[in-house]
Amino acid sequence: MTIYRMDHVGVVVEDLAAAVAFFVELGLELEGETAVEGAWVDRLIGLDGVRADIAVVRTPDGQGRIELSTFHTPPATSGAPRAPVNTPGIPRLTFVVDAVDDIVERLSAHGAELEGEMTQYEDTYRYCYIRGPAGVLIGLAEELR
């Protein structure tokens, strides 16, 4: 058995357009959008009556992709998690960026909130976590070398 690659990470969001705008501002590119519904998707995810919109964004190098989904039906049974970074199962995506301070400032216009503080690890990285769409933790690392 061989794994060829990790294909994508999926994140459910409440406002698909806002989430796409957030990740495009971060520097990802919109790959495509579609709507899904029907028996095949119901069987795939184990829910009945699924109707959802999906957008896929990718990193500029084409190697990383995020599937952003908004479900119209069935209704969600709970809200998005806002748990601390050390909570098991909380998604955390990390991106290497060229200017972390600039990225944080630009993303704040899209609702990003700094989680903790901007820090520097030795002379290697400036690093921080922000809350993105649906409370997802996003690490931003600027390489200093």
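Here the structure is shown first, and the text comes after it.
Residues numbered from 1 in each chain as written. Predicted model: local features only at pLDDT ≥ 70, side-chain atom pairs only at ≥ 80, totals over all residues. Heavy atoms only, no water.

Visitor: Help me understand the packing of aromatic side chains, please; the structure alone is not making it clear to me.
Guide: The description of an aromatic ring pair rests on the distance of the ring centres and on the angle between the ring planes. Summed over the entire model, instances satisfying the criterion amount to three aromatic pairs. A centroid spacing of 5.2 Å and a plane angle of 80° characterise the contact between Phe22 and Phe23, whose relative ring orientation is edge-to-face. With a centroid separation of 6.5 Å and 85° between ring planes, the pair formed by Tyr125 and Tyr127 is classed as edge-to-face. The exposure class of Tyr125 is partly exposed, given its relative accessible area of 27%. (Phe/Tyr/Trp six-rings, centres within 6.5 Å; stacked < 30°, edge-to-face > 60°. Buried < 20%, exposed > 50% of the residue type's maximum accessible area, 1.4 Å probe, protein only.)

Visitor: Looking at this structure, how should I read unusual backbone geometry?
Guide: What is expected of a backbone is that most residues other than glycine have negative phi and most peptide bonds are trans. Cis geometry marks the peptide bond from Thr73 to Pro74; its omega dihedral reads -10°. Relative to the helices and strands, Pro74 is located in the loop between β4 (65–73) and β5 (92–97). For Glu122, which is not glycine, the phi torsion reads 45° and is therefore positive. Here Glu122 shows up in the loop between β6 (113–121) and β7 (125–131). One non-glycine residue, Ala134, adopts positive backbone phi at about 60°. As for its position among the elements, Ala134 is in the loop between β7 and β8 (137–143). Given the relative accessible area of 26%, Ala134 is considered partly exposed. (Helix = DSSP H or I, 4+ residues; strand = E, 2+ residues; numbered from the N terminus.)

Visitor: Looking at this structure, I do not really get helix α1 (residues 16–26). What am I missing?
Guide: Since there are 3.6 residues in each turn of an α-helix, residues three or four apart along the chain are aligned in direction. Taken residue by residue, α1 has Leu16, Ala19, Val20, Phe22, Phe23 and Leu26 as its buried positions. In a view along the axis of α1, the buried residues occupy a sector of 160°, so they form one face of it. The first or second residue beyond α1 is Gly27, which carries a positive phi of 125°. (Arc of directions from axis to C-beta.)

Visitor: Sorry if this is basic, but what is going on with the side chain of Thr59 here?
Guide: By secondary structure assignment, the location of Thr59 is in the loop between β3 (51–58) and β4. Given a relative accessible area of 16%, Thr59 falls into the buried group. Separated by 2.5 Å, the side chains of Thr59 and Asp61 make a polar contact. Among all residues touching Thr59, those that are not within four sequence positions of it are Leu28, Gly64 and Phe95. (Polar contact = N/O pair within 3.5 Å; in protein donor to acceptor, adjacent residues only side chain to side chain. Contact = heavy atoms within 4.5 Å.)

Visitor: Can you walk me through the sheet that holds strand β2 (residues 29–37) in this structure?
Guide: Strands pair in a sheet through their backbones, by hydrogen bonds, and they do so in one of two ways: parallel or antiparallel. What the four strands build is an open sheet, ordered β1-β4-β3-β2; its pairing is mixed. Lying at the two open borders of the sheet, with one neighbouring strand each, are β1 (9–12) and β2. The sheet shows a mean angle of 20° between the axes of neighbouring strands, taken without regard to direction. Here β1 runs beside β4; their pairing, made up of four bridges, is parallel. For Val11, the partnering residue across the bridge sits in β4 and is Leu68. Sitting on the sheet, α1 touches β2, β3 and β4, and the angle it makes with β4 is about 170°. (Pairing = 2+ DSSP bridges. Axes fitted to C-alpha atoms, helices over the stretch in contact; angles between N-to-C directions.)

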